[in-house]
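Secondary and tertiary structure notes
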Amino acid sequence: MSKKKKIDRRDALKGAAASIYAAGIPWNSTLAKNITGGPAPAKSKLIEQENQREGTRDWQLTRVRINEGNYRTSLIEGYCSKQSVAAGDELTIHVSTKPAKKFLLDIYRMGYYGGAGARHMKQIGPLQGSVQPTPEMGPAPGRLRECKWDISTSLKIPEDWLSGVYLGKLTTIPESKSQPYWQSYVIFIVRDNRQADVLFQCSDNTWHAYNRWPVNESLYTHPDGAHAPGVSVSFDRPYGKYNQIFDAPLSVGSGEFLLWEFPLSYWLEKNGYDVTYGSNSDCITPSFLTRCKTFISVGHDEYWDVRQYHAVEKAIESGVSILWLCGNSVFVVSPFSSSSSGKPKRIITRTGAFGPMREDELESYRQLFAGLQGTAPDERKIMGVRSVVPFNGGGDWTCTRPNHWFFAGTGMKQGESIPGLVGWEHHGEPDPEREGLEVLAEGKIWSGGTREGDYAAVIFPGPKENIVFNASTIFWAQGLSSPPGHMPVWSHWSRPHGPDPRVQQMTHNLLQRSITGKVQ
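Criteria and cut-off values
- Residues numbered from 1 in each chain as written.
- Predicted model: local features only at pLDDT ≥ 70, side-chain atom pairs only at ≥ 80, totals over all residues.
- Heavy atoms only, no water.
- Helix = DSSP H or I, 4+ residues; strand = E, 2+ residues; numbered from the N terminus.
- Buried < 20%, exposed > 50% of the residue type's maximum accessible area, 1.4 Å probe, protein only.
- Contact = heavy atoms within 4.5 Å.
- Areas by Shrake-Rupley, 256 points an atom, 1.4 Å probe, with all protein chains shown as cover.
- Pairing = 2+ DSSP bridges.
- Axes fitted to C-alpha atoms, helices over the stretch in contact; angles between N-to-C directions.
- Disulfide = S-S within 2.5 Å.
- Core = buried A, V, L, I, M, F, W, Y, C linked by side-chain atoms within 4.5 Å.
- Phe/Tyr/Trp six-rings, centres within 6.5 Å; stacked < 30°, edge-to-face > 60°.
- Expected span 1.5 Å × (residues − 1).
- Polar contact = N/O pair within 3.5 Å; in protein donor to acceptor, adjacent residues only side chain to side chain.
- Salt bridge = Lys/Arg side-chain N within 4 Å of Asp/Glu carboxyl O.

Looking now at the overall build of the chain. When you go through the chain residue by residue, the secondary structure sums to 10 helices and 24 strands. A burial count over the chain gives 60% of its 520 residues as buried. Residue pairs at least 24 apart in sequence account for 73% of intrachain contacts in the chain once pairs closer than 6 positions are excluded. Accessible surface, the chain: about 20200 Å² in total, of which carbon and sulfur atoms supply 50%.

Rendered as structure tokens:
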């Protein structure tokens, strides 16, 4: 056969693979072999090659000042027009400076980069800042605050920007050497549609659910109660400083990514895993998930549109492995709606809960859960476990099935614990109807340091040799890495100990099983 014919045949095979993706069929090695008549294509080197580029630690904020209330820096703050964008798309960035000052915008892609944590992609500016208005609160029950700020700059995403989480560091320019500069972030995700081993879903719905910008407005500050239905929040506003279990100044403008999610992203990219990224809003579409072999929910992933639930359900049926490296996830039903200007998926509203609320839970947390009703499917059907009362606390992650392949290479024994790995919210109560479900770890947590509760980490098989695993703790990624800028966490008088080779090995085992079908 001539060289020209060989090239034509390869092109035809590539076209066949592209057609299969367009049809929404998940990629796997068996399918690849059937198409090509040979072994599956080699693993993508995109992430490995990207992380060989020069990194920098200058992505970190240096000077942060909360100057209005407990969460807001009005000195410089901003937001992006979309949660995620594709290469070639335009993103607008909306910034306010009070007082009006010139500023710079430096954009970084987050990753490993030799331990630096990010690569500098672009500097925009100097730009002239202005004081943009604080929006009035809308009527009850929504109590919506929605910014309609002027565009400060626009950015067409270059074709060579790899999928990832991108931080924009905003920095005011002093008018003299005797004046200080001030900083905060904006954050966005670059997505793609390529086939990949791992899809990393950011939990950005939950970031905004708890965001109290500008004064004290989140989905938890309604006068009718912390879980009152009908309350809404908009993505068209800056992220204030993280407001829950510890003081994290680096979080200003970055949601909760740096706290619960970056240690996993950093670790995945350090180890060269073929990972692509998306937002909660991207994952309402099944084909966005089924193009990948593995879907990961990470950190605190509490707020879901029901369409996300059905997309994951479809992914499991299609053979995608699901790794829930998270806690208190798929708990609150929060459908997307359009902004007042018609931009899709820019508002989320709490309308109910996944699964039924048990009477004993409602009784013990009557005031907290007032008005919250089960309005969507039982989350255990896709997770194996659910959020249980007490749903927060701290505890040790204790092995119950040491001979399972999940523990291969860890040396863990029956009853051996990883101190403090469970927190600050968790899952429990395994699904009694799920065939093949196994409990890999279980034990006690103590909410408030004294109130006893239970957690359980589980695994069960999917229909096509795929797996569903649930670590049942927000803190799982704390056992994987400690990137630059990372702050050790502490909650309910309990704390994880940081990177742990056992957590790293268990996560390697899960990914190898999900990607290759075996533990290497």
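Next comes the rest of the account.
Turning our attention to the sheet that holds strand E10 (residues 232-234). In spatial order, the strands read E10-E17-E16; together these three strands make up an open sheet with antiparallel pairing. Every other strand in the sheet has two partners, leaving E10 and strand E16 (336-337) as the edge strands with one partner each. Direction of pairing for E16 relative to strand E17 (residues 347-349): antiparallel, over a ladder of two bridges. Considered in E17, the bridge of Phe336 is made with Ile348.

The next point concerns the sheet that holds strand E5 (residues 118-128). The five strands are arranged E2-E8-E7-E4-E5 in an open sheet whose pairing can be described as mixed. In this open sheet, the two edge strands, each paired with only one partner strand, are strand E2 (84-86) and E5. For this sheet, the mean angle separating the axes of adjacent strands, direction not counted, is 30°. Examined bridge by bridge, strand E7 (residues 164-172) and strand E8 (residues 183-191) share eight bridges and lie antiparallel to one another. Counterpart to Gly168 in the pairing with E8 is Val186. Across the sheet, helix H5 (residues 257-270) touches strand E4 (102-110), E7 and E8, and the angle it forms with E4 is around 50°.

Omega for the peptide link from Gly125 to Pro126 comes to 5°, which places this bond in the cis form. Going from Val389 to Pro390, the amide bond is cis rather than trans, its omega being -5°. Considering the arrangement of structural elements, one finds Pro390 in the loop between helix H9 (380-383) and strand E20 (395-398). Notably, Asn328 is not glycine yet its phi reads approximately 55°, a positive angle. Tracing the backbone through its elements, the reader meets Asn328 in the loop between strand E14 (321-327) and strand E15 (332-333).

What follows is about the state of the cysteines. Under the criterion given, the structure shown has zero disulfides. The thiol sulfur of Cys202 is not disulfide-bonded, and the nearest other cysteine sulfur, from Cys283, lies at 9.3 Å.

This paragraph deals with the nonpolar core. Core analysis: the biggest nonpolar cluster contains 78 residues, and Trp59, Leu264, Trp397 and Trp476 have the highest contact counts within it. Sorting elements by how many residues they give to this core places H5 first, with seven residues. Not counting the four nearest positions on each side in its chain, Trp59 is found in contact with Tyr108, Met110, Ala116, Gly117, Ala118, Leu167, Lys169, Tyr185, Leu250, Leu258, Phe262 and Pro484. In this structure, Ala196, Leu199, Cys326 and Ile382 belong to the second largest nonpolar core, which totals 25 residues.

So, about the environment of Pro180. Mapped onto the fold, Pro180 is located in the loop between E7 and E8. For Pro180 and Arg63, which are 117 residues apart along the polypeptide, the C-alpha to C-alpha distance reads 8.4 Å. Apart from residues lying up to four places away in sequence, Pro180 is in contact with Arg63 and Pro174.

Further remarks concern the packing of aromatic side chains. All told, the structure shown has 28 aromatic pairs when counted by the stated rule. A ring pair is formed by Tyr220 and Tyr303, whose centres lie 6.2 Å apart and whose planes are at 80°; its orientation type is edge-to-face. Of this pair, Tyr220 sits in the loop between helix H4 (204-210) and E10 while Tyr303 sits in strand E13 (residues 303-304), and the two are 83 residues apart along the sequence. Of the two residues examined, Tyr220 and Tyr303, each falls in the buried class. Grouped by ring-pair contacts, the aromatic residues Trp59, Tyr112, Trp207, Tyr239, Phe257, Phe262 and Tyr266 constitute a single cluster.

On to helix H7 (residues 306-318). With 13 residues, H7 extends 19 Å between its outermost C-alpha atoms, agreeing within 8% with the 18 Å of an ideal straight helix rising 1.5 Å per residue. For H7, the N-terminal cap is Asp305; the gap from its side-chain oxygen to the backbone nitrogen of Arg307 is 2.8 Å. One or two residues past the end of H7 sits Gly319, with phi positive at roughly 105°.

Right, let's talk about the pattern of salt bridges for a bit. This model, assessed by the stated rule, comprises 29 salt bridges. Arg145 serves as the salt-bridge partner of Glu217, at 3.1 Å between the closest nitrogen and oxygen. With Glu217 in the loop between H4 and E10 and Arg145 in the loop between E5 and strand E6 (153-156), this residue pair connects regions lying 72 residues apart in the sequence. In this structure, Arg191 engages Asp282 in a salt bridge whose closest nitrogen and oxygen atoms are separated by 4.0 Å. Here Arg191, found in strand E8, pairs with Asp282, found in the loop between strand E11 (275-278) and helix H6 (286-290); they are 91 residues apart in sequence, far enough to count as distant. You can call Arg191 partly exposed: its relative accessible area is 23%.

Position of Asp500 among the secondary structure elements: in the loop between strand E24 (467-470) and helix H10 (501-516). Classification of Asp500 as buried rests on a relative accessible area of 12%. Here the alpha-carbon distance between Asp500 and Leu421, two residues 79 residues apart in the chain, equals 9.8 Å. Filtering out sequence-adjacent residues up to four positions away, Asp500 remains in contact with Ile418 and Gly479. Of note is the side chain of Asp500, whose polar atom sits 2.8 Å from the backbone nitrogen of Arg502.

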